[in-house]
Protein chains: 2
Amino acid sequence: MLLESAAHLFVERGYAGTSVNDISDHSGKTSGAIYFHYYSKEKLALAVVREQFATWPQLAALYATPGIPPLEKLVVLSFGVARSLSEDVVARAGARLWAERHGIEAALPTPFNAWASAATRLLTQARMRGELAAGVEPSAAAVTLVCAFFGLCVLTDDLPGGRGWREQLDQWWLLILKSLQADPDPAALLARARARVSL
Amino acid sequence: MLLESAAHLFVERGYAGTSVNDISDHSGKTSGAIYFHYYSKEKLALAVVREQFATWPQLAALYATPGIPPLEKLVVLSFGVARSLSEDVVARAGARLWAERHGIEAALPTPFNAWASAATRLLTQARMRGELAAGVEPSAAAVTLVCAFFGLCVLTDDLPGGRGWREQLDQWWLLILKSLQADPDPAALLARARARVSL
């Protein structure tokens, strides 16, 4: 598939290091066909990013599943996104293209606002159920969580201790859930969330 | 100053978008002089990153100041780094070059290991003074804090709510200090830290 070929090359060589000719060689499609469908390398990068967004319906379904307590849902969603950013080539290409966005002549959409809205809604639900600690303001906390989560996903490989994203996210949730839960028991919530996503 | 000129251009146009000729025009030095001193654009980028590291002795001095409680020191250091990443052109160039590191043929040093070590030492000191919450493991928590802090610095401008880094860091510390302090009083600690750096 063309977008997957492009994603592979963007992950390996970055946007500037990948030409439409490279993508043609790698995918077996002619450059002419690529230009016919995508017009330019910018538009192709944009299509890869949009493809990344399209791979998240399972997460959205999970988000809508009734019966899972909201803070647990938040943890489960974070595992899902982190797993996709670690294992899915289109998601990894999207992340690398975003990091290189200033060198790309196209406005790349980002998931951060959607993440922040989803987290705000879940924290608000937790508040209504009496499960959010007093003094935590849902929308401010949601933005903070999204920023921190982004940093964890991006930096994990560059830091000492050789933790993978799973262990790194565990450490993060153990620490922050203590502040978020009205009745703190981070280890128990984390164990339930891990069981749901078979981690 | 040549490195500052280069830093300005790297911040504005990125590494790939900046040529040695551009830096020559902007700095008033000849390309020949630039090549004579730095050999290549890669080496020049490396020199900018090293210059960034050299601008942190004030932070190191603060780090060594006796009499400031360790968790408060951690907060003060985060304000110092965030301020420099927001206001100092060389620090901003360093951050952008790091984001574009895969496209640069030089191994750029990063501050993350040093930050994680500093945070580990401060959390260990807090533990010895009885000021760190039970169950918080200094080195694991330090790595988590560095990752989250990095995410806050990078993403703040891309998220809703229009918070600047000051407010964003406040929100973050209010949330996480509740988990870190043996005797939680985040607002008071934050107020003392802000007073120290005149924020």
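These numbers were taken from a predicted model, which means no experiment stands behind them.

Rules used throughout
Residues numbered from 1 in each chain as written. Chains lettered and ligands numbered in written order. Predicted model: local features only at pLDDT ≥ 70, side-chain atom pairs only at ≥ 80, totals over all residues. Heavy atoms only, no water. Core = buried A, V, L, I, M, F, W, Y, C linked by side-chain atoms within 4.5 Å. Buried < 20%, exposed > 50% of the residue type's maximum accessible area, 1.4 Å probe, protein only. Contact = heavy atoms within 4.5 Å. pLDDT = per-residue confidence, 0-100. Helix = DSSP H or I, 4+ residues; strand = E, 2+ residues; numbered from the N terminus. UniProt positions renumbered as here; feature names shortened; annotations may be inferred. Axes fitted to C-alpha atoms, helices over the stretch in contact; angles between N-to-C directions. Parallel < 35°, antiparallel > 145°, perpendicular 65-115°, else oblique. Left-handed = near helix turned anticlockwise from the far one by under 90°. Nonpolar A, V, L, I, M, F, W, Y, C, P; charged D, E, K, R; others polar. Phe/Tyr/Trp six-rings, centres within 6.5 Å; stacked < 30°, edge-to-face > 60°. Salt bridge = Lys/Arg side-chain N within 4 Å of Asp/Glu carboxyl O. Buried area = accessible area lost by both parts, 1.4 Å probe. Polar contact = N/O pair within 3.5 Å; in protein donor to acceptor, adjacent residues only side chain to side chain.

Undergrad: Can you walk me through the nonpolar core in this structure?
TA: Proteins that are soluble and globular tend to have nonpolar side chains buried together. Among the nonpolar cores identified, the biggest contains 92 residues, and A:Trp172, A:Trp173, B:Trp172 and B:Trp173 are the most heavily contacted of them. Setting aside residues no more than four positions away along its own chain, B:Trp173 makes contact with B:Leu74, B:Val75, B:Ser78, B:Leu180, B:Pro186 and B:Leu190. In terms of nonpolar packing, the next biggest core, distinct from the first, is built from 24 residues, B:Ala7, B:Leu9, B:Tyr15 and B:Val89 among them.

Undergrad: Looking at this structure, I do not really get the confidence of the model for chain A. What am I missing?
TA: Caution applies to low-pLDDT parts of the model: their predicted coordinates are not meant to be read in detail. Residues with a pLDDT of 70 or more make up 95% of chain A, whose mean pLDDT is 88. Across chain A, element-level confidence peaks in helix H11 (residues 186-196) of chain A with a mean pLDDT of 93 and bottoms out in helix H5 (residues 57-64) of chain A with 72.

Undergrad: Whenever I open this one, the UniProt feature "DNA-binding region" (unreviewed entry) in chain A confuses me. Can you help?
TA: What UniProt calls "DNA-binding region" (unreviewed entry) maps, in this numbering, to residues 19-38 of chain A. Along residues 19-38 of chain A the backbone is 80% helical and 0% strand, and the end-to-end C-alpha distance reaches 13 Å.

Undergrad: Hey, could you run me through the packing of helix H2 (residues 20-27) of chain A against helix H3 (residues 31-38) of chain A in this one?
TA: Working note: a packed helix pair is described by the angle between its axes plus the distance between those axes. Residue and element names in this part refer to chain A. Close contact between H2 and H3 brings their axes to 9 Å; oriented N to C, the two are set at 110°. Of the possible angle classes, the one that applies to H2 and H3 is roughly perpendicular. Seen from above, H2 lies across H3 with right-handed handedness. Residues Val20, Asn21, Ile23, Ser24 and Ser27 of H2 pack against Ser31, Ile34 and Tyr35 of H3. A breakdown of the residues in the contact of H2 with H3 according to their chemical character gives 4 nonpolar, 4 polar and no charged.

Undergrad: It is not clear to me how the packing of aromatic side chains should be interpreted in this structure. Could you clarify?
TA: Aromatic ring pairs are defined here through the distance separating the ring centres and the angle between the ring planes. Under the counting rule described, the total for this entry stands at 15 aromatic pairs over all chains. An angle of 85° between the planes, with centres 5.6 Å apart, marks the rings of A:Phe112 and A:Trp115 as edge-to-face. One end of the pair is A:Phe112 and the other is A:Trp115, both in helix H8 (residues 112-128) and 3 residues apart, which spans about a single turn. Take A:Phe112 and A:Trp115: they sit in the same class, and that class is buried. Between B:Trp172 and B:Trp173, the aromatic rings sit 5.9 Å apart at their centres with planes inclined by 55°, giving tilted as the arrangement. In this pair, the class of B:Trp172 matches that of B:Trp173, namely buried.

Undergrad: What should I look at first to understand the pattern of salt bridges in this one?
TA: Between side chains of opposite charge, a pair can form when the charged atoms approach closely. All names here are of chain A. For the structure shown, the criterion picks out 14 salt bridges over all chains. For arginine 13, the salt bridge identified is with aspartate 22, shortest N-O distance 3.3 Å. For the salt bridge of arginine 129 with glutamate 131, the shortest nitrogen-to-oxygen distance reads 3.1 Å. Glutamate 131 gets classed as partly exposed once you look at its relative accessible area, which sits at 25%. A single salt-bridge network, built from bridges that share partners, covers Glu72, Arg192 and Arg196.

Undergrad: Got a minute to help me understand the interface of chain A and chain B in this structure?
TA: Interface size is commonly expressed as the accessible area that is lost once the parts come together. Listed per partner, the contact involves 38 residues of chain A and 38 residues of chain B. Summed over both partners, the interface of chain A with chain B comes to about 3300 Å²; 69% of that surface belongs to carbon and sulfur atoms. Run the count over chain A and chain B and you get 7 residue pairs in polar contact (both at pLDDT 80 or more). Sorting the residues of the side of chain A that touches chain B by element identifies helix H7 (89-99), H8, helix H9 (138-155) and helix H10 (165-180) of chain A as the ones contributing at least two each. If one sorts the elements of the side of chain A that touches chain B by residue count, H9(A) sits on top with 13 residues. When the residues that make up the side of chain A that touches chain B are grouped by side-chain class, the tally is 23 nonpolar, 10 polar and 5 charged.

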